[in-house]
Amino acid sequence: MTAACLMTTYQPLALSFTKGLGTRLWDQAGREYLDAVAGVAVTNVGHSHPRVVSAISEQAGLLLHTSNLYSIDWQQRLAHKLTQLSGLDRVFFNNSGAEANETALKLARLYGWHKGVEQPLVVVMENAFHGRTLGTLSASDGPAVRLGFQGLPGDFIKVPFGDLAALDKAHQAYGQRIVAVLMEPIQGESGVQLAPPGYLKALRELCNRRNWLLMLDEIQTGIGRTGQWFAFQHEGIVPDVMTLAKGLGNGVPIGACLARGKAAELFTPGSHGSTFGGNPLACRVGCTVLDIIEEQGLLENAKRQGERLLARLHAELDGEPQVLAIRGQGLMIGIELAQPIRDLTLIAARDHGLLINVTRGKTIRLLPPLTLDEREVEMIVRGVVRAVRGAEG
Ligand SMILES: *Cc1c(COP(=O)(O)O)cnc(C)c1O
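All values reported here derive from a predicted model rather than from experimental measurement. (Residues numbered from 1 in each chain as written. Predicted model: local features only at pLDDT ≥ 70, side-chain atom pairs only at ≥ 80, totals over all residues. Heavy atoms only, no water.)

### Quick word on the state of the cysteines
Right, on to step 1. Under the criterion given, the structure shown has zero disulfides.
Right, on to step 2. There is no disulfide at C207, and the cysteine sulfur nearest it, in C257, is 15 Å away.
Right, on to step 3. Free cysteine: C257, not disulfide-bonded; nearest cysteine sulfur from C283 at 14 Å. (Disulfide = S-S within 2.5 Å.)

Structure (structure tokens):
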């Protein structure tokens, strides 16, 4: 077929897959690839997991949609499960990450409104990525995603990621107008950037002191990606609001905004809604994904294989002139290059049968399924090393 009828928002590789199973994908010619992208942190339990397949087909044969005008049992079950795992109190379901963040931003607005704050402001981080709707674009950073969309809602203050003093400065400048902080625990799109140790904990204390909502975008880091259910659990804190999407549906679109305490009581009947959000199909799949992660011990596996992968990459690539830094947590790993390597994703796929992602031009991002095994860790290391070295040659 031809791509001529598609809007040109992506420049896809001339590579198309027809089948997936676990960590593997097969192209139209029947060639096998190891998938170290997982649809950008989506297929966390692997492609075509048999339990996900039967959850989808059974539910499709029973009931796909009723709208939120009626109670939806699977929605209540998934909400219950998510609140148990996270320590938050209530959930609103969406269909995507950007929508879940819009829900969080609306909660921040309502929170300000109840406090009598006119023109409430949300603090966000430099190099953040929160989605492509107008509101989440406004909360995001970087000319590549914002160029040409001027006139975005301007209710955000940007501070450097990991800089506590900058938050104090923001408070001095804007005082009571600030109502919340929204951030990714690890910045994914901007190259797997980790906050300095202790930052999240200090931010939690700061938010308590100032009565700001701490809102974490765990759309990429959540659902086991970093070796815990949610990245904030590494730091022993609980946010007031958290957003999820990507890995929750393993490929079936779903998003969720969770809230705790006062933030969980802000919406009232009519103040927010969604036609598809929380439908029986997506929520049943969400429940199935969480069960699989639990029963297969995938948090522990993500932690173990992630540590192994990070150590092996260090062992092979430290000292390589092309490589500036290797960092990550669990199975979310970035390899920052000195400069972009042309066609690197194509070279890795074509010459080494390995699917990788490159973000912000020069950071290789690895986000393999959480089911990754030891042998596959070695396959990733070999493919990445060869692709990087080959390009030098
Ligand atoms: C992918 C992503 C989003 C946007 O999710 P969509 O489902 O594409 O709208 C938002 N925040 C983070 C951190 C993401 O990784």
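Structure shown, so let's carry the discussion forward.
### As for unusual backbone geometry
Right, on to step 1. Phi angles above zero are rare outside glycine, and A41 is one such case at about 60°.
Right, on to step 2. As for its placement among the helices and strands, A41 is situated in helix α1 (residues 38–41).
Right, on to step 3. Although it is not a glycine, S48 sits at a positive phi angle of roughly 45°.
Right, on to step 4. Position of S48 relative to the elements: it lies in the loop between α1 and α2 (50–62). (Helix = DSSP H or I, 4+ residues; strand = E, 2+ residues; numbered from the N terminus.)

### Quick word on helix α3 (residues 73–86)
Right, on to step 1. Taking 1.5 Å as the rise per residue, α3 with 14 residues should run 20 Å; its terminal C-alpha atoms sit 20 Å apart, in good agreement.
Right, on to step 2. Regarding α3, the residues found buried are L78, A79, K81, L82, T83, L85 and S86.
Right, on to step 3. Positive backbone phi, at 85°, marks G87, one or two positions downstream of α3. (Expected span 1.5 Å × (residues − 1). Buried < 20%, exposed > 50% of the residue type's maximum accessible area, 1.4 Å probe, protein only.)

### What about the side chain of N94?
Right, on to step 1. Looking at the secondary structure, you find N94 in strand β4 (residues 90–94).
Right, on to step 2. On the basis of relative accessibility, which here comes to 3%, the residue N94 falls in the buried class.
Right, on to step 3. There is a polar contact of 3.1 Å between the side chain of N94 and the side chain of T103.
Right, on to step 4. Once you skip the residues sitting within four places of it in the chain, N94 turns out to touch E99, A100, T103, I254, G255, A256, C257, H272 and G277. (Polar contact = N/O pair within 3.5 Å; in protein donor to acceptor, adjacent residues only side chain to side chain. Contact = heavy atoms within 4.5 Å.)

### Side note on the layout of surface pockets
Right, on to step 1. Of the pockets and cavities examined, the second largest pocket occupies roughly 720 Å³.
Right, on to step 2. For the second largest pocket, the lining is made up of 27 residues, of which Q75, V91, F92, F267 and H272 are closest to its centre.
Right, on to step 3. Ranked by the residues each element gives to the lining of the second largest pocket, the list is headed by β4, at four residues. (1 Å grid on protein atoms, 1.4 Å probe; cavity = no way out; pocket = protein on both sides within 12 Å on 5 of 7 lines; lining within 4 Å. Points joined across faces, edges and corners; volume = space filled by probe spheres on them.)

### Focus: the sheet that holds strand β13 (residues 323–329)
Right, on to step 1. The four strands are arranged β13-β14-β17-β16 in an open sheet whose pairing can be described as antiparallel. Of all strands in the sheet, those with a lone pairing partner are β13 and β16 (357–359), marking the two edges. When the angles between neighbouring strand axes are averaged without regard to direction, this sheet yields 25°.
Right, on to step 2. Each of β13, β14 (332–337) and β17 (363–366) touches helix α10 (residues 298–317); the most contacted strand, β13, lies at about 170° to it. (Pairing = 2+ DSSP bridges. Axes fitted to C-alpha atoms, helices over the stretch in contact; angles between N-to-C directions.)

### Overview of the nonpolar core
Right, on to step 1. Within the largest apolar cluster, 81 residues are counted, with the highest numbers of intra-cluster contacts made by L203, L313, I335, L366 and V384.
Right, on to step 2. It is helix α9 (residues 280–295) that contributes the most residues to this core, nine residues altogether.
Right, on to step 3. Look past the residues within four positions of L366 in its chain and what remains in contact with it is A36, L309, L313, L331, M332, I333, I335, I356, I380 and V384. (Core = buried A, V, L, I, M, F, W, Y, C linked by side-chain atoms within 4.5 Å.)

### Description of the sheet that holds strand β2 (residues 24–27)
Right, on to step 1. Within the open sheet, the four strands sit side by side as β1-β2-β3-β15. Their pairing is mixed. At either margin of the open sheet sits one strand with a lone partner, and together these are β1 (17–21) and β15 (354–355).
Right, on to step 2. Judged from the three bridges that link them, β2 and strand β3 (residues 32–35) form a sheet pairing that is antiparallel. Residue pairing for β3: W26 is matched across the bridge by E32.

### Comments concerning the site of the ligand
Right, on to step 1. Lining the immediate surroundings of the ligand are S96, G97, A98, N101, F129, H130, G131, E184, D217, I219, Q220 and K246.
Right, on to step 2. In this structure, a nitrogen atom belonging to the ligand sits 2.7 Å away from a side-chain N or O atom of D217.
Right, on to step 3. With the chains in place, 80% of the 380 Å² that the ligand exposes on its own is no longer accessible.
Right, on to step 4. Sort the elements by how many residues they give to the shell around the ligand and helix α4 (residues 97–114) lands first, with three residues.
Right, on to step 5. Looking at side-chain class alone, the shell around the ligand contains three nonpolar, six polar and three charged residues. (Near = heavy atom within 4 Å. Areas by Shrake-Rupley, 256 points an atom, 1.4 Å probe, with all protein chains shown as cover. Nonpolar A, V, L, I, M, F, W, Y, C, P; charged D, E, K, R; others polar.)

### A look at the UniProt feature "binding site: N(2)-acetyl-L-ornithine" (unreviewed entry) in the protein
Right, on to step 1. Mapped onto this numbering, the UniProt entry gives "binding site: N(2)-acetyl-L-ornithine" (unreviewed entry) at R132 and S274. Taking the annotated residues in turn, S274 line the second largest pocket.
Right, on to step 2. Take R132: it is sitting in the loop between β5 (121–125) and α5 (134–139).
Right, on to step 3. Exposure remark for R132: the relative accessible area of 58% places this residue in the exposed category.
Right, on to step 4. Those residues in contact with R132 that lie beyond four places of it in its chain are A98, L137 and V145.
Right, on to step 5. Relative to the helices and strands, S274 resides in the loop between β12 (255–259) and α9. (UniProt positions renumbered as here; feature names shortened; annotations may be inferred.)

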